[in-house]
Amino acid sequence: MDVWGDCLTIEKWQHFVAETLESGNSTPVFNINPNDTREFDAIFLGGGAAGRFGAAYLRALGGRVLILDRWPFLGGSCPHQACVPHHLFSDCAAQLMLERTFSGKLWFQNLNDKIVSIKDIVELFRTGRTGPHAVMNFQSKEQLGLEFVLNAEFEIIDAHTVQVGDRKFHVKNLVLALGAKPFVPDIPGATLKGVFTSQTLVENLDFEPGNTIVVIGGGKSAIEYGCFFNATGRRTIVVARNQVMPMLKDAESRAYAILMMEEQGMEFFENAEVMEIQGDAQGKVRSVSIKTSDGIIDIDTDFVFMGLGEQANSEIIAQKLGLETSDKGFIKVNRHMQTSVPHVYAVGDVTGPPMEMFKARKEGVCAAKNIMGQASEYKTADYPDFMHTHYEACWLGLSEEEARQRYANVKIMKLPPDNPNGLDVGLPAGDRMMLYLMAKPRMSGFQKLILDGDTRKILGATHIGYGAKDGFQYLNYLVKKGLTIDDLADMDELFISPSYFIQLCRLRAGDPHFNDM
Ligand code: COM
């Protein structure tokens, strides 16, 4: 099917994507400009966040670029199986925590002892996801003018040649944006019905899970999906080989996040391991054996979620091109996104963690710039980050512990302040937190700003609550440029903002030797 020259509306794309996914139709969709005779500067293999943003940037710089993708839509796993469903589930977790906290009070329905359907939410997502898919295709074709081939299997012939069916494409540079898939460990019982990853949950769930769920892993997806399962009213047991949420390095912020999860009924086994998942005669999960420091524990359940990180979709291609990879199959790149083979770049999840869209998009753009002769580097350590519990946890820069190791005069500003009643103070709060502030003050969040008392510079920040993610995107940029307490104090605040950093800094900024607060 050739769509170049046709203006496909969002509705038409939505219909096409839904029908193609449903029918399994494998006809490729070619959107290639027949009048452009230039050689491609790059082919992006994979049109997810890394491929789409890299391609758009490369074209904006005047280059010619083609995207090839096996799915009938652009945007990759993000809108299909990863970030978008995770945000839907995390939104549900936040909403349900509010509803359960106020169950039977004010205008809230009585949710005591009620379990809500996971299957219904998954089905809602499956039906709704073709909307974002259609927007990606429309935006890429009509607004960004990108050339692409979708719904296509491709074969790499060499570093300058790719084949789709009987069509060969010659290219100056290849950019591998092949993505990754959830890692499934070799645990006995891992293939039983009822064992899910983030990917198979949205594709395959066809029964309503019972009232106990075992989550394996302690990182982002284990916690994010675990909190959702818990919020639906199910007993949720998280089994982590090491500690949970290690990426949130500030100890006090992490402790608050974990305490709030525990107060929602989450159960954690740290330094523990799932030994075996037992099945019944129909091949369905029946129970799980967990090795803990107190011995083996057996939990009856019909639903196990694996949140153990990802593995690269790299094997065949890495072998074919002779690329260097890590022991987990991630393609090794330098800071310019160049692989070990000249003219071959790799971007996004296929280069390894963090499996985040913001990292994928920036890597894609970094590769595009380098291909077009603009020297560019990307270092993931400089990015702010976030994850969901029932709340949204954001962080940037150094943790308090890291700051104290590097600086002699660290100052802290935090809410709630240290006080005899501990957390039972309705601060920081902010929008979406005001009911907690009045009725359950300890649930109104936690935040911390970490400063160097000598240079007055901001070193790091954390926030557990809602609504700070937006602010942290801009704050991180300014912190990297040397933002001080005085700069922050001089900014214009919008009351009530979820992170009170401007207010706190303004209260202290006049003091040449400001103290903690
Ligand atoms: C977002 C996908 S869901 S992309 O990064 O815009 O391509």
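Residues numbered from 1 in each chain as written. Predicted model: local features only at pLDDT ≥ 70, side-chain atom pairs only at ≥ 80, totals over all residues. Heavy atoms only, no water.

Undergrad: How do you make sense of the sheet that holds strand 23 (residues 458-465) when you look at a structure like this?
TA: Note: strands within a sheet are paired through backbone hydrogen bonds, in either parallel or antiparallel orientation. The strand order across the open sheet built from five strands is 19-20-23-22-21, with neighbouring strands paired in antiparallel fashion. Looking at the sheet topology across the chains shown, the edges are occupied by strand 19 (385-388) and strand 21 (410-415). Within the sheet, the average angular offset between the axes of one strand and its neighbour, ignoring direction, is 10°. Sheet topology note: the strand 22 (residues 446-452)/strand 23 ladder contains six bridges and is antiparallel. (Pairing = 2+ DSSP bridges. Helix = DSSP H or I, 4+ residues; strand = E, 2+ residues; numbered from the N terminus. Axes fitted to C-alpha atoms, helices over the stretch in contact; angles between N-to-C directions.)

Undergrad: What is the right way to look at the pairing of strand 15 (residues 295-300) in this model?
TA: Put simply, side chains in a regular strand alternate between the two faces of the sheet. The sheet contact formed by strand 14 (residues 285-292) and strand 15 spans six bridges and is antiparallel. Along strand 15, the bridge assignment pairs Lys 291 with Ile 296.

Undergrad: Where do I start with the site of the ligand in this structure?
TA: Around the ligand, the structure places Ala 49, Arg 52, Phe 53, Gly 75, Cys 78, Pro 79, Met 136, Met 357 and Arg 361. Interatomic distance of 2.7 Å between a side-chain N/O atom of Arg 52 and an oxygen atom of the ligand. At a separation of 2.9 Å, an oxygen atom of the ligand approaches a polar side-chain atom of Arg 361. Protein contact buries 93% of the 260 Å² of open area that the ligand shows by itself. Counting only elements with at least two residues in the shell around the ligand, the list comes to helix 2 (49-60), helix 3 (77-80) and helix 11 (357-371). Counting residues per element, the shell around the ligand draws most heavily on helix 2, at three residues. Residue composition of the shell around the ligand, by class: six nonpolar, one polar and two charged. (Near = heavy atom within 4 Å. Polar contact = N/O pair within 3.5 Å; in protein donor to acceptor, adjacent residues only side chain to side chain. Areas by Shrake-Rupley, 256 points an atom, 1.4 Å probe, with all protein chains shown as cover. Nonpolar A, V, L, I, M, F, W, Y, C, P; charged D, E, K, R; others polar.)

Undergrad: What is the right way to look at the nonpolar core in this model?
TA: Among the nonpolar cores identified, the biggest contains 79 residues, and Leu 201, Ile 223, Phe 229, Phe 303, Tyr 391, Leu 449 and Leu 488 are the most heavily contacted of them. Summarising the domain contributions, this core has at least three residues from each of domain 2 (184-308) and domain 3 (391-508). Listed in part, the 33 residues of the second largest apolar core include Phe 44, Leu 146, Met 337 and Ala 360. (Core = buried A, V, L, I, M, F, W, Y, C linked by side-chain atoms within 4.5 Å. Buried < 20%, exposed > 50% of the residue type's maximum accessible area, 1.4 Å probe, protein only. Domains from an automatic or database assignment.)

Undergrad: Quick question: what am I supposed to make of the pairing of strand 5 (residues 155-158) here?
TA: For strand 5 and strand 6 (residues 161-164), the ladder comprises three bridges, and the chain directions are antiparallel. Looking at strand 6, one finds that Ile 156 is bridged to Val 162. The hairpin turn running from strand 5 into strand 6, its antiparallel successor, is two residues long.

Worth remembering: the numbers are spatial, not functional.
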